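Summary of structural features
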Amino acid sequence: MRPEGFLALVSELRACTACAGLPLGPRPVFQLSPDARLLITSQAPGTKAHLSGQPFTDASGDRLREWLGLDEEQFYGGRVAILPTGLCYPGRLPKGGDAPPRPNCAPLWHPRVVPMLARVGLRLLVGGYAVRLVLGKDTKLEDAVRRYADFLPSHFPLPHPSWRTRAWAARNPWFEAEVLPALKREVARALAG
Ligand code: SF4
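Residues numbered from 1 in each chain as written. Predicted model: local features only at pLDDT ≥ 70, side-chain atom pairs only at ≥ 80, totals over all residues. Heavy atoms only, no water.

Details of the sheet that holds strand β2 (residues 80–82)
Formally: Strand pairing is assigned whenever DSSP detects at least two bridges linking the two strands. Only DSSP runs of H or I with at least four residues qualify as helices, and only runs of E with at least two residues qualify as strands; both kinds are numbered from the N terminus onward. Note on geometry: axes are lines fitted to C-alpha atoms, helical ones only across the stretch in contact, with angles between N-to-C directions running from 0 to 180 degrees.
Read from one edge of the open sheet, four strands run β2-β1-β3-β4, paired in parallel fashion. For this open sheet the edge positions go to β2 and β4 (155–158), each flanked by a neighbour on one side alone. Direction aside, neighbouring strands of the sheet carry axes that sit 20° apart on average. By the bridge criterion, four bridges tie strand β1 (residues 38–41) to strand β3 (residues 122–126) in an arrangement that is parallel. Within β3, the position partnered with Leu 39 by the bridge is Arg 123.

What to know about the site of the ligand
For clarity, the cut-off: Near, as used in this document, describes a residue that has one of its heavy atoms within 4 Å of the molecule or strand being considered. Asp, Glu, Lys and Arg are counted as charged, while Ala, Val, Leu, Ile, Met, Phe, Trp, Tyr, Cys and Pro are counted as nonpolar; the rest, among them Gly, fall into the polar class.
Residues in close proximity to the ligand include Cys 16, Ala 18, Cys 19, Pro 28, Leu 87, Cys 88, Asn 104, Cys 105 and Leu 108, which together make up its full environment. Considered class by class, the residues forming the shell around the ligand number eight nonpolar, one polar and no charged.

Regarding the packing of aromatic side chains
This is how the line gets drawn: Centres within 6.5 Å are what make two rings of Phe, Tyr or Trp a pair, Trp counting through its six-membered ring; a difference in plane orientation under 30 degrees is then read as stacked, over 60 as edge-to-face, and the rest as tilted. Working definition: with a 1.4 Å probe on protein chains only, accessible area under 20% of the residue-type maximum means buried, over 50% means exposed, and in between means partly exposed. Any Lys NZ or Arg CZ found within 6 Å of a ring centre and within 35 degrees of that ring's normal is scored as a charge over the ring.
In the structure shown here, the tally under the stated rule is seven aromatic pairs. On the basis of an interplanar angle of 15° and a centroid distance of 5.0 Å, the ring pair of Tyr 148 and Phe 156 is categorised as stacked. Here Tyr 148 and Phe 156 have matching classes, each one buried. Chaining the aromatic ring pairs together yields one cluster made of Trp 67, Trp 168, Trp 174 and Phe 175. In this structure, Arg 65 is placed above the aromatic ring of Phe 75, and the distance from its NZ or CZ to the ring centre is 5.0 Å.

Nothing here speaks to function; it is all geometry.
What follows is the structure, encoded as structure tokens:
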């Protein structure tokens, strides 16, 4: 895609108001660059990312960067693209926890945005929504993470790096022992590409 086409699409995405009833209003949070080698498809921004306008400016972001072996400069430096399943803060569920990403968002934007990231060599699928969006609606998150090698070299499924994942990782030591070293290796390979 020509640079002006890329910029026009980014401007269009930034101005999206397709969803009614977003609790903090529409504010798409994403990170795109034509030089990106790594694409992160995550869940949806939280309140901190909504306020900053930058993805993963929170404790989950710190944990994700630790998993990937990247510092903030590398993470925000132009070689990493971030396109959530839902780009605007979706609010909270009445019982607690984040509401799901808006279901119309990925079908509206992903088919237009993903193909323009022509230099991406690896797509991380972070959390159950991203895993089901890309690998199929019946895909079980933990099963996909265990079988991460089956999806290489193009995709790498991961749990969401929220505080809840600490307890899950403690119950599943294979994640830190086997999956995270492989993840760091694959991320380094993609960024060097
Ligand atoms: S969630 Fe997606 S579709 Fe809805 S307003 Fe935000 S960018 Fe647009």
